[in-house]
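A closer look at the structure
Listed here are the chains, written in short residue letters.
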Amino acid sequence: MEAIPARPRGSWGRYPRLRPTRVVRAMWRDEAPALADLPGPLLAYGCGRSYGDSCLNQDGVLIDTTGLDRLMAFGDDGLLRCEAGVTLAQLLEIVVPRGWFLPVLPGTRWVTVGGAIANDIHGKNHHRAGTFGAHVARFELLRSSGERLVCSPETHRELFEATIGGLGLTGLILWAEIRLHRVASAGIDVERIRFAGLNEFLAIAADDPRHEYTVAWVDCLARGRRLGRGIYLRGSHASRVVTQGSPVRGPRLRIPFDAPNGLLNRVTLSAFNAVQYHRAVRKRATSTVAYEPFFFPLDGIGEWNRLYGARGFLQYQCVVPEEADGGAIRAILARVSGSGETAGLGVLKRFGSAASPGLLSFPRPGLTLAIDFAFRGRRTLDLLDELDRLVRDAGGAVYPAKDARMSPESFRAFFPAWRRFANQVDPKFSSSFWRRVHER
Amino acid sequence: MSAERTARRVLIVGATSAIAMEVGRAYAERGASLFLAGRSPERLDAVAADLRVRGAAPVETMVLDVLARDQHADLVDRAFAAGELDAALLAHGVLPDQARCQERPEEAVRALEVNFTATVALLTLLANRFEAQRRGTIAVIASVAGDRGRQSNYVYGASKGGLHVFMQGLRNRLHHSGVSVLTLKPGFVDTPMTAGMPSNPLFASSRRAGRAIFRAIEARRDVAYIPWFWRPIMALITSLPEFVFKRLRL
Ligand SMILES: Cc1cc2nc3c(=O)[nH]c(=O)nc-3n(C[C@H](O)[C@H](O)[C@H](O)COP(=O)(O)OP(=O)(O)OC[C@H]3O[C@@H](n4cnc5c(N)ncnc54)[C@H](O)[C@@H]3O)c2cc1C
Ligand SMILES: NC(=O)c1ccc[n+]([C@@H]2O[C@H](COP(=O)([O-])OP(=O)(O)OC[C@H]3O[C@@H](n4cnc5c(N)ncnc54)[C@H](OP(=O)(O)O)[C@@H]3O)[C@@H](O)[C@H]2O)c1
């Protein structure tokens, strides 16, 4: 392990800003890093694509895993073994030209395999494939005691289940083995459908099983009759070849500085949303596109998080059991659009019924909604606390990967297995998130 | 670049270096056959597996500490055993602590032995093979630090600057046999070697450096700054008269 002083490591939302005392870099899996000798608390850090404080460790040590970026084996059976700091971008570059695809993809390709496991991430195919963790055959975990444990559903099952979705708290994942699947083409046949409100959304969602990937974009500022309007995107791998794995390029455009606070305000966002909504001129449109813009629409703009200004932003993502007229989702949208807060893009999706493998996994059957909020201090936090109450009353949960502020009470209500989980936490590992929701 | 024109058989010494691994990846993606030498067997295996999965075939390895000069001939024999080499890259190197070099001569001597003496020994054997086959590229990773001595790292700088001069002569000699001799001069690259330094905007990723080195080998360049912007920077630094330069704290 190499010490890197003074290289800041933040989270995607740039709120809160919490500095570790030290960042060390894991480079080689054979080199048993002496975790016991490092001044704790310790926490692994991948690409920092988590929004809030689950990848932060104030006054602790961050272990940068991106040097662990080697592939280890890839067989004709689609089993891929690689080190934990390999990004999904690097994997796609290798496997797509060979006719394989990753089982689950989030909205950005700049996440590490370790991060994907630790948040048990979900994608646009959750209704069919479940979470990322469901495709992990096994992984090796380094504990601060120096033990290295290969965990799978057969061996060290408790640790396997605690580590998937375990927010990096059970130790350092050194490598993992993932099951990939074959695709005829990396291109996606996409259909865009405009919907005028939540009931229409639910009617379209009833058709989800027939499509591999589905997601909807909602206008979080639309009120009254327009509440819950948006655009439904659904697609499946094209049967004919479109592009076989174009090389990963860096973003074409990069935001080089913090936008002045207020560039993204209610007026500019409402206008943007209205344009997006009406741009889909026809009610329904179809096309075949390369997979990158379909899965990673924002990866083309480097550091777009800076558009929210120096104060940063929060993403709020919840899941609630589905109800006939949209239930809690309708209440949340009404509360947000009436709040006066700067709510940006909203993403809505129906999760499938596949059980998530992790004790602390976020996905569960129901509707999930994610909304970005510019951070404007107390009033933003108060609104999100209010949303937490709606989610709790509905029996739902809020996603820790996006969280910077949920209360310990909410955490326990959202994740009833927390006590079993806490027993598996490595005594030397912790995060700013964990100290916040789990006071010792 | 057409597939036939890229090198098919490549030797990399110091193959576990972060920069060299990225050069290896560029070749692996094109299905090249690689011979890797490095001093740690576990790390060598990890890199070899990575390059195999990325498409290199076959990948052979040999555990070698470059200070063990009695093994150099064996390395060269084995690397050439399966036929001619298209390219050889020497990437091993150490960055000694300048302050300690000033206190203990052994520190300075050790760094010179790894960076300079061992490299010259290897180059001598490799040059004769390449000269005999009358084609290919011999590349060495030197450094911008070798362009001008600075108080903060002149032992390292001297080891790399010495390589620069040696390579000039070798280039002149092998040019007549159709062999290209490439001196690579990286600036700051984000690797374990520089992990202790504070970051600055001039740092390049090991991937960027590796890709640039791959292109320089394929283009049969003589000297390549990595990335390119170090050429004007070093032109400026080397143009300062000594009576000015010696007063600076660099
Ligand atoms: C634009 C964008 C879109 C996104 N879309 C989605 C989405 O659709 N679905 C979704 O689920 N998420 C989504 N995310 C969130 C993102 O996928 C997760 O936060 C992911 O975990 C980030 O991975 P990372 O490598 O950046 O990890 P980090 O954010 O650096 O760390 C995340 C957690 O993983 C732990 N960790 C990392 N590496 C290791 C390791 N080797 N061993 C043990 N623990 C480790 C860390 O300790 C931390 O707790 C999105 C994020 C962005 C920025
Ligand atoms: N990083 C920079 O900013 C920079 C700038 C200019 C030039 N360079 C040069 O680039 C080259 C690669 O360095 P890097 O940045 O990629 O750092 P690195 O990852 O630390 O690589 C250095 C390599 O040298 C090997 N090595 C050291 N002593 C050796 C010995 N006695 N025998 C065999 N191998 C030995 C190391 O092997 P182990 O893995 O076994 O330790 C390691 O693989 C070096 O020549 C360096 O001087 C680097």
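Residues numbered from 1 in each chain as written. Chains lettered and ligands numbered in written order. Predicted model: local features only at pLDDT ≥ 70, side-chain atom pairs only at ≥ 80, totals over all residues. Heavy atoms only, no water.

Comments concerning the overall build of chain A
The helix and strand tally for chain A stands at twelve helices and 21 strands. Seen along its three principal axes, the alpha-carbon backbone of chain A occupies a region of about 60 × 50 × 40 Å. Counting over 440 residues, chain A shows a buried share of 61%. When the accessible surface of chain A is split by element, carbon and sulfur atoms take 53% of a total near 16,800 Å². Side chains of chain A carry 59 positive and 44 negative charges; the gap between the two charge centres is 6 Å. (Helix = DSSP H or I, 4+ residues; strand = E, 2+ residues; numbered from the N terminus. Buried < 20%, exposed > 50% of the residue type's maximum accessible area, 1.4 Å probe, protein only. Areas by Shrake-Rupley, 256 points an atom, 1.4 Å probe, with all protein chains shown as cover. Lys, Arg positive; Asp, Glu negative; His and termini not counted. Charge placed at Lys NZ, Arg CZ, Asp CG, Glu CD.)

Remarks on the site of ligand 1
All names here are of chain A. As a structural note, the neighbourhood of ligand 1 is formed by 34 residues, with Ala44, Arg49, Ser50, Thr112 and Tyr399 the closest of them. At a separation of 2.8 Å, an oxygen atom of ligand 1 approaches a polar backbone atom of Gly48. Ser50 places a side-chain nitrogen or oxygen 2.7 Å from an oxygen atom of ligand 1. Relative to its unbound accessible surface of 970 Å², ligand 1 loses 96% to contact with the protein. When contributions to the shell around ligand 1 are tallied by element, the ones reaching two or more residues are strand 3 (42–45), helix 2 (113–118) and strand 10 (172–179). (Near = heavy atom within 4 Å. Polar contact = N/O pair within 3.5 Å; in protein donor to acceptor, adjacent residues only side chain to side chain.)

A look at the environment of Ala224 of chain B
Residues and elements named next belong to chain B. With respect to the secondary-structure elements, Ala224 resides in strand 9 (residues 223–226). When the C-alpha atoms of Ala224 and Thr183 are compared, they prove to be 6.4 Å apart, with 41 residues separating the residues in sequence. When neighbours within four sequence positions are excluded, Ala224 is seen to be in contact with Leu182, Thr183, Leu184, Lys185 and Ala216. (Contact = heavy atoms within 4.5 Å.)

Let's talk about the packing of aromatic side chains
All names here are of chain A. Per the stated rule, a full pass over the model turns up 28 aromatic pairs over all chains. Plain terms: the ring middles of Trp304 and Phe313 are 5.8 Å apart, the flat faces sit at 45 degrees to each other, and that makes the pair tilted. Relative accessible area serves as the criterion here: at 1%, Phe313 is assigned to the buried category. Aromatic side chains Phe411 and Phe433 sit 5.8 Å apart centroid to centroid with 80 degrees between the ring planes, which places their arrangement in the edge-to-face category. (Phe/Tyr/Trp six-rings, centres within 6.5 Å; stacked < 30°, edge-to-face > 60°.)

Details of the interface of chain A and chain B
Counting from both sides, the interface comprises 20 residues of chain A and, opposite them, 23 residues of chain B. At the junction of chain A with chain B, the criterion picks out three salt bridges. As a salt-bridge pair, Asp190 of chain B and Arg25 of chain A come within 3.2 Å of each other at their nearest N and O atoms. Residue assignment for the side of chain A that touches chain B shows that the elements contributing at least two residues are strand 1 (2–4), strand 5 (71–74) and helix 1 (88–95) of chain A. It is strand 5 of chain A that contributes the most residues to the side of chain A that touches chain B, four residues altogether. Partitioned by chemical class, the residues of the side of chain A that touches chain B number ten nonpolar, no polar and ten charged. (Salt bridge = Lys/Arg side-chain N within 4 Å of Asp/Glu carboxyl O. Nonpolar A, V, L, I, M, F, W, Y, C, P; charged D, E, K, R; others polar.)

Remarks on unusual backbone geometry
Cis geometry is found at the peptide bond from Gly40 of chain A to Pro41 of chain A, where omega equals -10 degrees. Locating Pro41 of chain A in the fold gives a position in the loop between strand 2 (22–25) and strand 3. For the peptide bond that leads from Ala57 of chain B to Pro58 of chain B, omega is -15 degrees, which places it in the cis range. Notably, Asp59 of chain A is not glycine yet its phi reads approximately 60 degrees, a positive angle. Along the chain, Asp59 of chain A falls in the loop between strand 3 and strand 4 (61–64). What makes Asp59 of chain A exposed here is its relative accessible area of 55%.

Comments concerning the confidence of the model for chain B
Across chain B, pLDDT averages 96, with 98% of residues at or above 70. Both scores are available for the predicted complex, with the pTM at 0.94 and the ipTM at 0.93. (pLDDT = per-residue confidence, 0-100.)

Looking at the nonpolar core
Formed by 111 residues in total, the largest nonpolar core has its most connected members in Leu91 and Phe101 of chain A. Once residues within four sequence positions are removed from consideration, Leu91 of chain A is found in contact with Leu71, Leu80, Cys82, Val86, Leu102, Val113 and Ile178 of chain A. (Core = buried A, V, L, I, M, F, W, Y, C linked by side-chain atoms within 4.5 Å.)

A few points about the site of ligand 2
Residues and elements named next belong to chain B. In the vicinity of ligand 2 there are 27 residues, among which Thr16, Asp65, Tyr156, Val189 and Thr191 approach most closely. Within the side chain of Thr16, a nitrogen or oxygen atom sits 2.9 Å from an oxygen atom of ligand 2. A distance of 3.3 Å separates an oxygen atom of ligand 2 from a polar atom in the side chain of Arg43. At the level of secondary structure, the elements contributing two or more residues to the shell around ligand 2 comprise helix 1 (18–29) and helix 6 (154–175).

What about the side chain of Arg143 of chain A?
Residue and element names in this part refer to chain A. Structurally, Arg143 can be placed in the loop between strand 8 (136–142) and strand 9 (148–151). Among the residues examined, Arg143 registers a relative accessible area of 14% and is labelled buried. In terms of polar contacts, Arg143 uses its side chain to reach the backbone carbonyl oxygen of Gln424, at 2.9 Å.

Quick word on the pairing of strand 5 of chain A
Residue and element names in this part refer to chain A. Pairing geometry for strand 5 and strand 6 (residues 79–83), over three bridges, is antiparallel. Bridge pairing links Leu71 to Cys82 in strand 6. Hairpin connection of strand 5 to strand 6: four residues between the antiparallel strands, including Gly78 at a positive phi of 85 degrees. (Pairing = 2+ DSSP bridges.)

Structural notes on the sheet that holds strand 10 of chain A
Residue and element names in this part refer to chain A. On the basis of which strands lie adjacent, the open sheet formed by five strands has the order 5-6-10-8-9 and antiparallel pairing. Looking along the sheet, the strands with just one partner apiece sit at the ends: strand 5 and strand 9. Adjacent strand axes in the sheet meet at a mean angle of 10 degrees, parallel and antiparallel pairs treated alike. (Axes fitted to C-alpha atoms, helices over the stretch in contact; angles between N-to-C directions.)

A few points about a nonpolar patch on the surface
Residue and element names in this part refer to chain A. A cluster of nonpolar side chains, namely Leu298, Leu345 and Val347, defines an oily patch on the protein surface of about 180 Å² accessible area. Within the secondary structure, Val347 sits in strand 19 (residues 343–351). Residue Val347 is classed as partly exposed on the basis of its relative accessible area of 31%. (Patch = residues over 30% accessible without salt bridge, like charges linked within 9 Å, V, L, I, M, F, W, Y side chains within 5 Å.)

Considering the packing of helix 3 (residues 72–80) of chain B against helix 5 (residues 105–133) of chain B
Residues and elements named next belong to chain B. The N-to-C vectors of helix 3 and helix 5 enclose an angle of 35 degrees; their axes lie 10 Å apart at closest approach. For the crossing formed where helix 3 meets helix 5, the hand is right-handed. Each of His72, Ala73, Leu75, Val76, Asp77 and Phe80 in helix 3 lies in contact with helix 5, whose residues at this interface are Ala118, Ala121, Leu122, Leu125, Leu126, Arg129, Phe130 and Gln133. The class makeup of the residues in the contact of helix 3 with helix 5 is ten nonpolar, two polar and two charged. (Left-handed = near helix turned anticlockwise from the far one by under 90°.)

Comments concerning the packing of helix 8 (residues 327–337) of chain A against helix 9 (residues 378–393) of chain A
Residue and element names in this part refer to chain A. One can describe the packing of helix 8 onto helix 9 by two numbers: an axis separation of 10 Å at closest approach and a directional angle of 165 degrees. On the basis of the axis angle, helix 8 is roughly antiparallel to helix 9. The two elements helix 8 and helix 9 cross, and the hand of that crossing is right-handed. Where helix 8 approaches helix 9, its residues Ala331, Ile332, Arg335 and Val336 are matched on the opposing element by Leu383, Glu386, Leu387, Leu390 and Val391. (Parallel < 35°, antiparallel > 145°, perpendicular 65-115°, else oblique.)

Considering the pairing of strand 1 (residues 9–13) of chain B
Residue and element names in this part refer to chain B. The element strand 1 is largely enclosed, with a buried count of five among its five residues. In terms of strand pairing, strand 1 meets strand 2 (residues 33–38) through five bridges, oriented parallel. Paired with Val13 across the two strands is Ala37, which belongs to strand 2. As a crossover connection, the stretch from strand 1 through helix 1 into strand 2 is right-handed. As judged from the four bridges shared by strand 1 and strand 4 (residues 87–90), these two strands associate in the parallel manner. Pairing of Val10 across the sheet is with Ala87, part of strand 4. (Right-handed = clockwise from strand over helix to strand, strands pointing away.)

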